[in-house]
Amino acid sequence: EPEVTQTPSHQVTQMGQEVILRCVPISNHLYFYWYRQILGQKVEFLVSFYNNEISEKSEIFDDQFSVERPDGSNFTLKIRSTKLEDSAMYFCASSAERGSNEQFFGPGTRLTVL
Amino acid sequence: QQQVKQSPQSLIVQKGGISIINCAYENTAFDYFPWYQQFPGKGPALLIAIRPDVSEKKEGRFTISFNKSAKQFSLHIMDSQPGDSATYFCAASKSGGYQKVTFGTGTKLQVIP
């Protein structure tokens, strides 16, 4: 069964460093998302991406964040200068087509900022 | 207005019992209500979903009840099993691609033998 994959599973970085989280969405999916989950809290929407541009972003997704689909398979989230409060689980998700609400989530990348 | 409220925060149920998790929403533009199941260290996985044109949807041991006028919906897990122990999130979104999912705060369910 096709699935969303994410790498790395765990990333440790120093405050102020740049990190890139990588995702490979399900191959025929058109819509891509990033969510985050701070430990013990709910899953929060960060950004949605369609047709090579951002469709919607939350207030969390400030200028320190960016997303890119550099090729036909990868979808990346970059945090330019990490802060302690960026420590969280980051989930990539994808959905198939217009009108489909079903989003498939990857296993997540645990980001730890020291 | 974008919030989805969920209760209880945690739930302990005996094996074979019924687990009930309740959610409420405010935004009447929401028209898709999924429930996600999350095991430790894993991403949320879609369990079952409902649209507001029906009041109930059942898939195996899992049932969603939906009350559009009250803006409430609930998940019932019949014959709860230890393997059901996980965190459950209710959620809501608008129809269509690229629509973000707004999650509830989660319910940690423990089913004891």
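Cut-offs used in this document
- Residues numbered from 1 in each chain as written.
- Chains lettered and ligands numbered in written order.
- Predicted model: local features only at pLDDT ≥ 70, side-chain atom pairs only at ≥ 80, totals over all residues.
- Heavy atoms only, no water.
- Salt bridge = Lys/Arg side-chain N within 4 Å of Asp/Glu carboxyl O.
- Helix = DSSP H or I, 4+ residues; strand = E, 2+ residues; numbered from the N terminus.
- Buried < 20%, exposed > 50% of the residue type's maximum accessible area, 1.4 Å probe, protein only.
- Pairing = 2+ DSSP bridges.
- Axes fitted to C-alpha atoms, helices over the stretch in contact; angles between N-to-C directions.
- Disulfide = S-S within 2.5 Å.
- 1 Å grid on protein atoms, 1.4 Å probe; cavity = no way out; pocket = protein on both sides within 12 Å on 5 of 7 lines; lining within 4 Å.
- Points joined across faces, edges and corners; volume = space filled by probe spheres on them.
- Nonpolar A, V, L, I, M, F, W, Y, C, P; charged D, E, K, R; others polar.

Asker: How should the pattern of salt bridges be read in this particular structure?
Answerer: Oppositely charged side chains can form a pair if their charged atoms are brought close together. Residue and element names in this part refer to chain B. Applying the stated criterion across every chain yields a total of five salt bridges over all chains. Residue Lys5 is joined to Glu26 by a salt bridge in which the shortest nitrogen-to-oxygen separation is 3.7 Å. Highlighted residues: Lys5 in strand 1 (residues 4-7) and Glu26 in the loop between strand 3 (19-25) and strand 4 (33-38), separated in sequence by 21 residues. Judged by its relative accessible area of 31%, Glu26 is partly exposed.

Asker: Just checking my understanding: could you explain the sheet that holds strand 6 (residues 56-59) of chain B for this structure?
Answerer: Hydrogen bonds along the backbone pair up the strands of a sheet, which may run parallel or antiparallel. Residue and element names in this part refer to chain B. The strand order 1-3-8-7-6 describes an open sheet built from five strands, whose pairing is antiparallel. Where the open sheet ends on each side, the last strands, each with one partner, are strand 1 and strand 6. Ignoring strand direction, the axes of neighbouring strands in this sheet form an average angle of 15°. Sheet analysis places strand 6 next to strand 7 (residues 62-67), joined by four bridges and oriented antiparallel. The residue of strand 7 that forms the bridge with Lys57 is Ile64.

Asker: Is there a simple way to think about the state of the cysteines in this case?
Answerer: In protein chemistry, a disulfide is the covalent bond that joins the sulfur atoms of two cysteines. A complete count under the given rule lists two disulfides over all chains for this structure. With a sulfur-sulfur separation of 1.9 Å, A:Cys23 is cross-linked through a disulfide to A:Cys92. For the disulfide bridge between A:Cys23 and A:Cys92, the dihedral angle about the S-S bond is near -60°, and by the sign convention the bridge is left-handed. Taken together, the positions of A:Cys23 in strand 3 (residues 19-24) and A:Cys92 in strand 9 (residues 88-95) put the pair 69 residues apart, joining distant regions of the chain. For the pair A:Cys23 and A:Cys92, a shared accessibility class is recorded, and that class is buried. For B:Cys23, the disulfide goes to B:Cys90, at an S-S distance of 1.9 Å. Here the S-S torsion is close to -95°, and the disulfide linking B:Cys23 with B:Cys90 is therefore left-handed. Taken together, the residues span a long stretch of sequence, with B:Cys23 in strand 3 and B:Cys90 in strand 9 (residues 86-92) at a distance of 67 residues. Considered together, B:Cys23 and B:Cys90 belong to a single accessibility category, that of buried residues.

Asker: Explain the layout of surface pockets here, please?
Answerer: Gaps between atoms show up when a probe of the same size as a water molecule is rolled over them. Computed from the structure, the largest pocket encloses a volume of approximately 520 Å³. Looking at the largest pocket, it is lined by 23 residues, and the ones nearest its centre are A:Gln37, A:Gly40, B:Gln38, B:Thr87 and B:Phe89. Where the lining of the largest pocket is concerned, the elements lending two or more residues are strand 9 of chain A together with strand 9 and strand 11 (107-112) of chain B. Class assignment of the residues belonging to the lining of the largest pocket gives a composition of nine nonpolar, eleven polar and three charged. In this structure, the second largest pocket encloses a volume near 340 Å³. What lines the second largest pocket is a set of 16 residues, and nearest its centre among them are A:Glu3, A:Phe105, B:Gly43, B:Pro44 and B:Ala45. In terms of residue class, the lining of the second largest pocket is built from nine nonpolar, three polar and four charged.

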